Amino acid sequence: TGIMKYKGKIFIADDDALIVQMLSRALKNEGYDVQSETAKFKNIANTIESWLPDVVLLDIKLPETDGITILEEMKSRGIACGVLMLTADDSVDVVVKCIKLGAEDYLTKPFNIEKVKIVVGNAIEKQRLKFEVGYLRDVYSACFDRDIIGESSAINRLKTEVETLGASRVSNVFITGESGTGKELFARRLHRIMKENNNKCLPFIAVNCCAVPDSLLESELFGHEKGAFTDARAESKGMFELASGGSILLDEIVDMKLDFQSKLLRVLEQRTVRRIGGHEEIPVDVLVVTTTNKDVAQAVETGNFRRDLYYRLNTFSIHIPPLRERKEDIL
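Procedures and definitions
Residues numbered from 1 in each chain as written. Predicted model: local features only at pLDDT ≥ 70, side-chain atom pairs only at ≥ 80, totals over all residues. Heavy atoms only, no water. Pairing = 2+ DSSP bridges. Helix = DSSP H or I, 4+ residues; strand = E, 2+ residues; numbered from the N terminus. Right-handed = clockwise from strand over helix to strand, strands pointing away. 1 Å grid on protein atoms, 1.4 Å probe; cavity = no way out; pocket = protein on both sides within 12 Å on 5 of 7 lines; lining within 4 Å. Points joined across faces, edges and corners; volume = space filled by probe spheres on them. Nonpolar A, V, L, I, M, F, W, Y, C, P; charged D, E, K, R; others polar. Patch = residues over 30% accessible without salt bridge, like charges linked within 9 Å, V, L, I, M, F, W, Y side chains within 5 Å. Areas by Shrake-Rupley, 256 points an atom, 1.4 Å probe, with all protein chains shown as cover. Salt bridge = Lys/Arg side-chain N within 4 Å of Asp/Glu carboxyl O. Core = buried A, V, L, I, M, F, W, Y, C linked by side-chain atoms within 4.5 Å. Buried < 20%, exposed > 50% of the residue type's maximum accessible area, 1.4 Å probe, protein only. Contact = heavy atoms within 4.5 Å.

K.L.:
Please explain the pairing of strand β2 (residues 32–37) as it appears in this structure.
P.N.:
Across a regular strand the side chains alternate sides, sitting on one face of the sheet and then on the other. Both strand β1 (residues 8–13) and β2 contribute to a ladder of 6 bridges, which runs parallel. The partner of A13 across the bridge, within β2, is E37. You can see the chain leave β1, run along helix α1 (residues 17–29) and come back into β2, and the turn it takes is right-handed.

Following this line, the structure appears as structure tokens:
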């Protein structure tokens, strides 16, 4: 039959030795590296952290402790693996609590082995995608998160302003300047300073408002629920949700249509988003950086840009002068 391809590491924590034996055999036959524990659960988070599996199958009812407590400890310690809860009680309250605490999914006893294989495979794939996204973000940052070139008095003053804003954790920053002056570079520098001050890997998401069709912009930024419209086959988080905790860059904000500007204003005021087709207000803690190469004051006067939105976005403003106004930076 040849050598089976290695698929990943699975840890099983359950006090029923027969269940553990059955799951271990089935998952090993699928090519997984499997370890298990059937007796000592009090400090099992240490065992999981040292072996660092891709996915943990964790029984809810255990001697000495319970699976929910172990799940809480794993998440509080940042142990980076997916968790599938094993339970004989599939009541809504128990399932919802586990999912809210960070479990990927749950499996109900007695098990259907084919379903176990599918759920475990999905959880493994999700963990790999998370790793790949993190890796690609690091590569992108190393390759493209370039520093700002220039030592003119204007650029040095802007660098100082950005340092101050990044350290103060402001909520909205408006960056203006002609095309090519480096508005996104300053936005990324602001984000990087904020990330360094928090000592965390924070998301940075850039959206070109004039590149997204008007009909898709609301779904792109705020997300949608399954069935919200014809092609909404699954729920989808918007860019604001994905950027929560970090920064979102709304490039060319003045090109945004007036009817959508009011929706954005509400998000900035409430610091919550509501997905299309949804009813829940989802909190978003995000630095909103907006940019434009147009005369925003003129757009406000002509009625093409909402005055109240402009004041909300313009909490702190940065104007980047063109190179012809700082010729000492040309070389």
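K.L.:
When you look at the layout of surface pockets in this model, what are you seeing that I'm missing?
P.N.:
Gaps left between atoms show up when a probe the size of a water molecule is rolled over them. Taken as a whole, the second largest pocket spans an internal volume of roughly 480 Å³. Around the second largest pocket, the lining is made up of 16 residues, and of these K75, C81, E104, Q127 and K130 lie nearest the centre. In terms of residue class, the lining of the second largest pocket is made up of 8 nonpolar, 3 polar and 5 charged.

K.L.:
Could you clarify how one ought to interpret a nonpolar patch on the surface in this entry?
P.N.:
A cluster of nonpolar residues, F131, Y135 and L136, forms a patch on the protein surface that exposes about 380 Å² of accessible area. Here L136 is to be found in helix α5 (residues 113–144).

K.L.:
Is there a simple way to think about the nonpolar core in this case?
P.N.:
Soluble globular proteins tend to pack their nonpolar side chains together in the buried interior. Grouped together as the largest cluster of nonpolar side chains are 33 residues, with contacts concentrated most on L221, F240, I248, L250, I253 and F305. Mapped by element, the contributors of at least two residues to this core are β7 (204–208), α8 (214–222), α9 (239–243), β10 (247–251), α10 (258–270), α11 (296–301) and α12 (307–313). Residue contributions to this core peak at 5 residues, all from α10. Excluding residues within four positions of it along the chain, L221 makes contact with V207, G238, M239, F240, I248, L250 and F260. Judged by nonpolar contacts, the second largest core, of 21 residues, contains I44, V56, I60 and I68.

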